[in-house]
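These are the residues of each chain, in order.
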Amino acid sequence: MIDIPLYPLRFEPIYEYRLWGGRRLGDLMSAPLPGDGPIGEAWILSDRDEHPSVVADGPLKGKTIRQLLDQSRERLLGNLSEHFSRFPLLLKFLDVTKRLSVQVHPSDAHKELIPDGDTGKDEAWVVLSQGPEARIYAGLKAGGCEQDLRQAIAGGELPGQLTSFVPQTGDGVFIPAGTVHSLNDVVVFEVQENSDVTFRLYDWDHIDPTTGQLRPLQVNQALACIDFKQSGIRPVTPLKEKTQPVLRENLIHCDHFGVTRITGAVPFAIGKVGTPRVLVGLAGNAQLEHAGIDYPIGKGDLLLLPAEVGACSCRPHGVTSVLEISLPAVA
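S.K.: Is there a simple way to explain the pattern of salt bridges in this structure?
M.R.: If charged atoms from side chains of opposite charge come close, those side chains can pair. With the rule as written, the count across this model stands at 20 salt bridges. With its nearest N and O atoms 3.8 Å apart, the salt bridge here joins Arg10 to Asp301. Linking Arg10 in the segment before strand 1 (14-22) with Asp301 in the loop between strand 17 (293-298) and strand 18 (302-305), this pair joins segments that are 291 residues apart in sequence. Classification of Asp301 as buried rests on a relative accessible area of 18%.

S.K.: Help me understand the environment of Val319, please; the structure alone is not making it clear to me.
M.R.: When you line up the elements, Val319 lands in strand 19 (residues 312-326). The class of Val319 is exposed, set by a relative accessible area of 60%. Measuring from C-alpha to C-alpha, the distance between Val319 and Arg86 comes to 35 Å, with 233 residues separating the pair along the chain. In contact with Val319, not counting residues within four places along its chain, are Thr263, Gly264, Ala265, Ala283 and Gly284.

S.K.: Help me understand the packing of aromatic side chains in this model?
M.R.: The description of an aromatic ring pair rests on the distance of the ring centres and on the angle between the ring planes. Counted under the stated rule, the structure contains five aromatic pairs. Summarising the aromatic geometry, the rings of Tyr7 and Tyr295 are spaced 6.3 Å apart at their centres and angled 10 degrees between planes, so their arrangement reads as stacked. Taken together, the residues Tyr7 in the segment before strand 1 and Tyr295 in strand 17 connect sequence positions 288 residues apart. Judged by its relative accessible area of 5%, Tyr7 falls in the buried class. Ring plane angle 70 degrees and centroid distance 5.3 Å describe the contact between Tyr202 and Trp204, whose orientation is recorded as edge-to-face. In this pair, the class of Tyr202 matches that of Trp204, namely buried. Taken together through their ring pairs, the aromatic side chains of Tyr137, Tyr202 and Trp204 make up a single cluster. We note Arg99 situated over the ring of Trp204; from NZ or CZ to the ring centre the distance is 4.6 Å.

Reading the values: rules and limits
Residues numbered from 1 in each chain as written. Predicted model: local features only at pLDDT ≥ 70, side-chain atom pairs only at ≥ 80, totals over all residues. Heavy atoms only, no water. Salt bridge = Lys/Arg side-chain N within 4 Å of Asp/Glu carboxyl O. Helix = DSSP H or I, 4+ residues; strand = E, 2+ residues; numbered from the N terminus. Buried < 20%, exposed > 50% of the residue type's maximum accessible area, 1.4 Å probe, protein only. Contact = heavy atoms within 4.5 Å. Phe/Tyr/Trp six-rings, centres within 6.5 Å; stacked < 30°, edge-to-face > 60°. Lys NZ or Arg CZ within 6 Å of the ring centre and 35° of its normal.

This is the structure in structure tokens:
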């Protein structure tokens, strides 16, 4: 049992090599990128056995998110504590310099495809920057079926079956489980269910430099969980909840998470009593005040507000933009 008050928690980023990655996350993260190879992902909040996030500072420095949940679950999760055995979201930054594989994630309905202890995976992106070749592929063209996709994969023509668009900075994109998708030449923030189940349909002929071979595909599993009724996906239309004293926009709301973007230059309240929130800095700099202590949050920073912390005051230094992420609603 942790016998000290909880506070806004910052975690050490976990950098992941990806052959499709680049070095652009170095412009976003305060912690330097390792080595000189392609870094595709920065896991900024993860309660995965293989990659547990570690508290970066304060009295709880060095503890993992798993240890915090084991020792102070109710104080951390509040009214959600009886519903989750682990933190239910996985949050990342992605630098997709080369095309991400064309892939799909199963929904919870496909239990036969999901390993024990995992779940299906809805996910969402917020576009942070884009290069000249930027494109988001999401959803199938009308009338597509399993036979069409098998033929397209065999002929190396799967991209022709996908709908796509050129993203702009600030776009929010929701990718429900069962949606075929890919990315190219973008940096995005990603929020998803705490699952790592991915099935590749097509990989743009990427050669894995560690093996010198094409990476394996999981065509049968992917086809089994595709939602063929899912039409082409476009950026969401933000719902303006408030415009004063700061702009609050509801970007994403689904059964598993919510994403609100807050932009302004005057102090505002953030967080909620009795339930955790996650804050991610998009632009500018601010100070989050809790119990008389200031916690800085700037571009690329993440702070987890435990349920015990509740609402805080955020004081921007000039125009600042942050994401406030809510956890699943439970009955």
